[in-house]
Amino acid sequence: MSVLTTKPQFLYPYSRQFPFDEVAEKIVRAIEKRNWEVPGITIEFDTYGSGEAKYQMVRSIIGDNFKLYFCRVQGRINDRWNDTAALCSVCIPKQILQVYEDESGPTYYLYVGENWEDDKWWFMNSIKALSKLYKEPRRYLKYKGNTYKRRAKELVADNDLDREYSPRCNEPVCINLEQKFNEFTAWLEEFVLGYILSFQEKDIIQPPTLMEELIPYKGPWSTIYSICNSRAAERITQGKEDASKLPPEERHAYIGSGHRLVPLNVQCKDMFPKIAYEGFIWCDVNQKQNVTHNSKFVYEVMSAMGSVFSENHTVVINLKYANQVYVVDNSKYEETRQQLFEEIAPRDRLTDEELGEAFASRGATIIPITEYEGNYKEPIVLINRELEFEEIEQIIFNEE
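An account of the accompanying structure is given in this report. Bear in mind that the values here come from a model prediction, so they are computed numbers and not experimental data.

**Here we look at the packing of helix 6 (residues 331–344) against helix 7 (residues 352–363)**
Turning to step 1, where the next piece is worked out: Where helix 6 contacts helix 7, the two axes come as close as 8 Å, and the packing angle between them is 150 degrees. By the angle between their axes, helix 6 is roughly antiparallel relative to helix 7. With respect to the hand of their crossing, helix 6 and helix 7 are arranged in right-handed fashion. Where helix 6 approaches helix 7, its residues Lys332, Tyr333, Thr336, Arg337, Leu340 and Ile344 are matched on the opposing element by Glu354, Leu355, Glu357, Ala358, Phe359, Ser361 and Arg362.
Turning to step 2, where the next piece is worked out: Each residue belonging to the contact of helix 6 with helix 7 can be placed in one class, and the counts come to six nonpolar, two polar and five charged.

Here it is in structure tokens:
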């Protein structure tokens with residue numbers, strides 16, 4: 001079985017840990033009966049897992065004035081993966097309630113800004129942290145439970161050592177959690193579930209997403225090179241010999257843990273596509289000797305895939321499929337850094353923001369390998385998927 005064509009198992013929110021869990025499952029199943037299409041509502045899916053153990057779930061359900069985010073652990077699937085399909089964050093007009101599987105918190109946010117329509121998107125989607133410290137507008141109050149591993153009865157305003165704003169005048173100092181759960185549950189039942197049920201069910205229900213069509217690889221490099229540790233090398237060696245002897249979740253040839261092209265803290269809007277934030281297998285395109293301390297491997301490939309001084313083995317890759325394979329021009333990173341150093345002289349250290357410019361300049365060059373025209377000075381191949389065992393030509397074990 002190909003890992004690229006493995007059909008994922010769909011996970012439903014079945015937990016009954018919190019009062020709104022039952023209506024959350026009803027919402028997902030009601031949308032499914034309408035073939036995942038309800039006017040005015042956006043459904044986002046997520047697939048995770050590894051090898052032949054893949055799982056799919058609804059990650060978020062978004063309307064004009066609400067957002068449901070599913071990422072709470074509700075059980076174990078196997079030795080490696082949790083079932084994370086339970087509801088963890090609920091945003092309704094001017095309120096957010098976040099819950100956790102270990103019963104810590106919960107965390108509650110109350111909108112106290114002056115223009116809800118202008119702030120609505122921000123409130124529903126932003127990370128809200130230390131707004132007073134960073135002199136941001138006073139748009140929300142934060143409340144938390146003060147118990148550990150048992151549910152609090154009240155959520156208390158938390159100004160986080162005066163780094164968050166505190167309640168004023170008639171704004172609540174504490175929130176009764178049971179009442180708030182009941183309020184959120186009732187709102188979801190009336191305005192989300194009730195709205196969905198007003199539409200007719202479909203006769204034929206399609207899977208949430210279609211399997212990705214395989215794209216034969218016709219790239220400019222017949223062979224590319226990366227590195228892996230001993231554990232990955234042993235798994236791949238066994239998989240190429242007889243994959244059935246591996247657990248389903250290990251029947252893949254992924255190497256490393258995935259290294260981002262652009263760190264999440266680099267925010268340069270419209271400078272690079274969103275895919276640049278993802279984790280990749282980094283690959284050099286040139287023939288190399290074994291990866292040793294003095295290897296000529298591109299340094300960024302070495303540092304991305306593992307420590308230069310750790311035990312690494314050369315992985316020789318012959319891609320069979322072009323799916324989720326990209327190319328970047330690594331030279332842009334170093335060129336931007338050198339330019340910045342010249343601009344800041346005599347200062348000899350870049351700030352995080354300045355270094356982010358270098359990351360962003362390289363991130364701006366990412367393109368699918370199917371679109372690459374051979375014009376990069378220092379191309380690096382980035383793979384955003386699991387490799388098939390057949391795509392690994394050889395592992396060269398280093399002897400040190």
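**Some points on the pattern of salt bridges**
Turning to step 1, where the next piece is worked out: Tallied over the full model, the rule gives 20 salt bridges.
Turning to step 2, where the next piece is worked out: A salt bridge links aspartate 64 to lysine 120; the nearest nitrogen and oxygen atoms lie 3.1 Å apart. You can see aspartate 64 sitting in the loop between strand 3 (53–62) and strand 4 (67–72) and its partner lysine 120 sitting in helix 2 (residues 116–125), a full 56 residues away along the chain.
Turning to step 3, where the next piece is worked out: For lysine 120, a relative accessible area of 9% translates into the label buried.
Turning to step 4, where the next piece is worked out: If you follow the salt bridges from partner to partner, you end up with Arg16, Glu25 and Arg29 in one network.

**Side note on helix 1 (residues 21–33)**
Turning to step 1, where the next piece is worked out: Taking 1.5 Å per residue, 13 residues should reach 18 Å; helix 1 reaches 19 Å between its end C-alpha atoms and fits that length.
Turning to step 2, where the next piece is worked out: Of all the positions in helix 1, only Asp21, Val23, Ala24, Glu25, Ile27, Val28, Ala30, Ile31 and Glu32 are classed as buried.
Turning to step 3, where the next piece is worked out: The inward-facing, buried residues of helix 1 contact strand 2 (42–50), strand 3, strand 4, strand 7 (86–92) and helix 3 (177–197).
Turning to step 4, where the next piece is worked out: Of the residues trailing helix 1, asparagine 35 is marked for its positive phi of about 60 degrees.

**Let's talk about the pairing of strand 2**
Turning to step 1, where the next piece is worked out: Where strand 2 meets strand 3, nine bridges bridge the pair, whose relative direction is antiparallel. Directly across from glutamate 44, in strand 3, lies its bridge partner serine 60.
Turning to step 2, where the next piece is worked out: Taking the residues between adjacent antiparallel strands as the criterion, strand 2 and strand 3 are bridged by two residues, where glycine 51 takes a positive phi near 60 degrees.

**What to know about the sheet that holds strand 17 (residues 325–329)**
Turning to step 1, where the next piece is worked out: Read across the open sheet, the five strands follow the order 14-15-19-17-18; overall the sheet is antiparallel. Each edge of the sheet is formed by a strand with only one pairing partner; in this case those strands are strand 14 (259–260) and strand 18 (367–368).
Turning to step 2, where the next piece is worked out: Two elements, strand 17 and strand 19 (residues 379–383), share five bridges in a ladder whose sense is antiparallel. The partner of aspartate 329 across the bridge, within strand 19, is proline 379.

Conventions used here
- Residues numbered from 1 in each chain as written.
- Predicted model: local features only at pLDDT ≥ 70, side-chain atom pairs only at ≥ 80, totals over all residues.
- Heavy atoms only, no water.
- Axes fitted to C-alpha atoms, helices over the stretch in contact; angles between N-to-C directions.
- Helix = DSSP H or I, 4+ residues; strand = E, 2+ residues; numbered from the N terminus.
- Parallel < 35°, antiparallel > 145°, perpendicular 65-115°, else oblique.
- Left-handed = near helix turned anticlockwise from the far one by under 90°.
- Contact = heavy atoms within 4.5 Å.
- Nonpolar A, V, L, I, M, F, W, Y, C, P; charged D, E, K, R; others polar.
- Salt bridge = Lys/Arg side-chain N within 4 Å of Asp/Glu carboxyl O.
- Buried < 20%, exposed > 50% of the residue type's maximum accessible area, 1.4 Å probe, protein only.
- Expected span 1.5 Å × (residues − 1).
- Pairing = 2+ DSSP bridges.

Keep in mind these values describe shape, not function.
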